[in-house]
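Single-letter residue listing:
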Amino acid sequence: MQELGLPKFRAAQIHTWIYAKNVSSFDEMTNLGAPVREKLKQVARIGCLEIAHLQVSRDETRKYLFQLPDGKIVESVLMSFNDRTTLTACVSSQVGCAVGCTFCATGYLGFKRNLTAQEIVDQIMMIQRESGKRIANIVYMGQGEPLLNTEEVIKSIHTLIESVGIGARHITVSTSGVIPGIERLRDEDLPVCLALSLHAPDSKTREEIVPITKKYPLGPLIESLKDYADSTRRRVTIEYVLLAGVTDRPEQAKALAEMVRDVHCMINLIPFNPTENNLGEIMYERPSREAQLKFKQLAERTGKTVTIRLERGTDIDAACGQLHNKFLKAK
Ligand code: SAH
Ligand code: SF4
């Protein structure tokens, strides 16, 4: 505002229009005079994303493909759960991902680039604008590894809390286990929830399916998770993908329960959502419902709450990276 020769209070007004009132054009900012709006139009624009594609599923899940200023595409999802009246948005933190988990469609894409904090926040603003609904919960579980883009992710969290008005306790960052990122997030002193994609309690299996395990081994990883839970006094979430014959064995359920015994956490089991790799193959199978329940029961033995993830939008490719890959293939 100073550069434009405008009074300082205009900045606060514009800030409120954009974040609290969620407008998409300067013309909607009715308490700014026409000359001010013209000036702003010449030097700035609101938001940086465009909707490239939108799919709405039978259960009302909305899946967005957003085009970034450089033409690249990312995914975001808006979900509602029957047991909740509030809405949850799942946002991406990177285009593609370098971690390369063997069951993940985003991993198959490879790493393209980090998103900026603005590109992350804009996913939320665009979803609210398009759906006309207010988002209460945000999970960093879209494409990318948020803790390999930690500084922009932290910046985006600050904006979401301080400007958009989302409660820190309603924000969850999910990581494949980047220890320095977990420590950085702890030191930022934002009481956000942390979810760790553990996926296997033994190093051999985990190294195979979550290759970053070789860099950040299981022992120190569980320590850093425990430290996060202790320092922030927040209960962390352990995510665990169920791949038939690979991660769903009874001894793994028992080992999982033991491994997190001393961590203030809950466990969320995610039955594998079949995705094709670059060769068009589906490498794993989802365990039967019976096997899922058996695993749950064994994982509960040290007293932790264990849930099986409620699936949303399975009819519209809502698993991480799925729609994006289909879109690229069709192009
Ligand atoms: N990169 C972060 C966050 C994004 S993925 C992470 O890995 O934690 C969000 C969750 O979905 C992770 O637990 C991830 O392992 C899981 N996931 C990815 N592909 C999946 C699939 N095909 N089926 C089930 N879960 C999957
Ligand atoms: Fe990356 Fe997460 Fe997918 Fe692994 S599961 S490849 S860390 S997005």
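Below or above, wherever it landed, is the structure these notes cover. (Residues numbered from 1 in each chain as written. Chains lettered and ligands numbered in written order. Predicted model: local features only at pLDDT ≥ 70, side-chain atom pairs only at ≥ 80, totals over all residues. Heavy atoms only, no water.)

Some points on the nonpolar core
Note the threshold: Joining through side-chain atoms within 4.5 Å is the link that ties buried Ala, Val, Leu, Ile, Met, Phe, Trp, Tyr and Cys residues into a set, and such a set is a nonpolar core. Exposure classes here rest on a 1.4 Å probe applied to the protein chains alone. A residue is buried below 20% of its type maximum, exposed above 50%, and partly exposed in between. We call two residues in contact when some of their heavy atoms are within 4.5 Å.
Grouped together as the largest cluster of nonpolar side chains are 77 residues, with contacts concentrated most on Phe-103, Ile-138, Tyr-140, Ile-157, Leu-160, Leu-185 and Val-192. When residues no more than four places from it in sequence are discounted, the contact partners of Val-192 are Ile-157, Ala-168, Ile-171, Val-173, Leu-185, Tyr-228 and Arg-234.

A short note on the site of ligand 2
Keep this limit in mind: We call a residue near a molecule or strand whenever a single non-hydrogen atom of that residue lies within 4 Å of it. Nonpolar residues are Ala, Val, Leu, Ile, Met, Phe, Trp, Tyr, Cys and Pro. Charged residues are Asp, Glu, Lys and Arg, and all others, Gly as well, are polar.
Taken together, Cys-97, Val-99, Gly-100, Cys-101, Cys-104, Gly-107, Gly-144, Glu-145 and Ser-176 make up the full set of residues adjacent to ligand 2. In the shell around ligand 2, the residues fall into four nonpolar, four polar and one charged.

Some words on helix H1 (residues 9-20)
What counts is decided by this rule: Put simply, DSSP marks the helices as runs of H or I at least four residues long and the strands as runs of E at least two long, and each gets a number from the N terminus on. The span one expects for a helix is its residue count, reduced by one, times 1.5 Å. Our arc is simply the arc of the directions from the helix axis toward the C-beta atoms.
Taking 1.5 Å per residue as the helical rise, H1 with its twelve residues ought to reach 16 Å, and the 16 Å between its terminal C-alpha atoms agrees with that figure. If you check which residues of H1 are buried, you get Arg-10, Gln-13, Ile-14, Trp-17 and Ile-18. The arc that holds every buried residue of H1, seen down its axis, measures 125 degrees, which confines them to one face. Buried-residue contacts for H1 involve helix H2 (34-43) and helix H4 (117-131).

Let's talk about the site of ligand 1
As a reminder of what qualifies: Throughout this description, a polar contact denotes any pair of N or O atoms lying within 3.5 Å of each other; where both atoms belong to protein, one of them has to be capable of donating a hydrogen while the other can accept it, and for residues adjacent in sequence the pair is counted only when both atoms sit in side chains. Note on areas: Shrake-Rupley with a 1.4 Å probe; residue coverage comes only from the protein chains shown.
Neighbouring ligand 1 are 18 residues, the closest being Gly-144, Ser-174, Ser-197, His-199 and Asn-273. The backbone of Phe-103 places a nitrogen or oxygen atom 3.1 Å from a nitrogen atom of ligand 1. Interatomic distance of 2.6 Å between a side-chain N/O atom of His-199 and an oxygen atom of ligand 1. Across the complex, the protein chains shield 93% of the 530 Å² of accessible surface that ligand 1 would expose by itself. Counted by class, the shell around ligand 1 contains seven nonpolar, nine polar and two charged residues.

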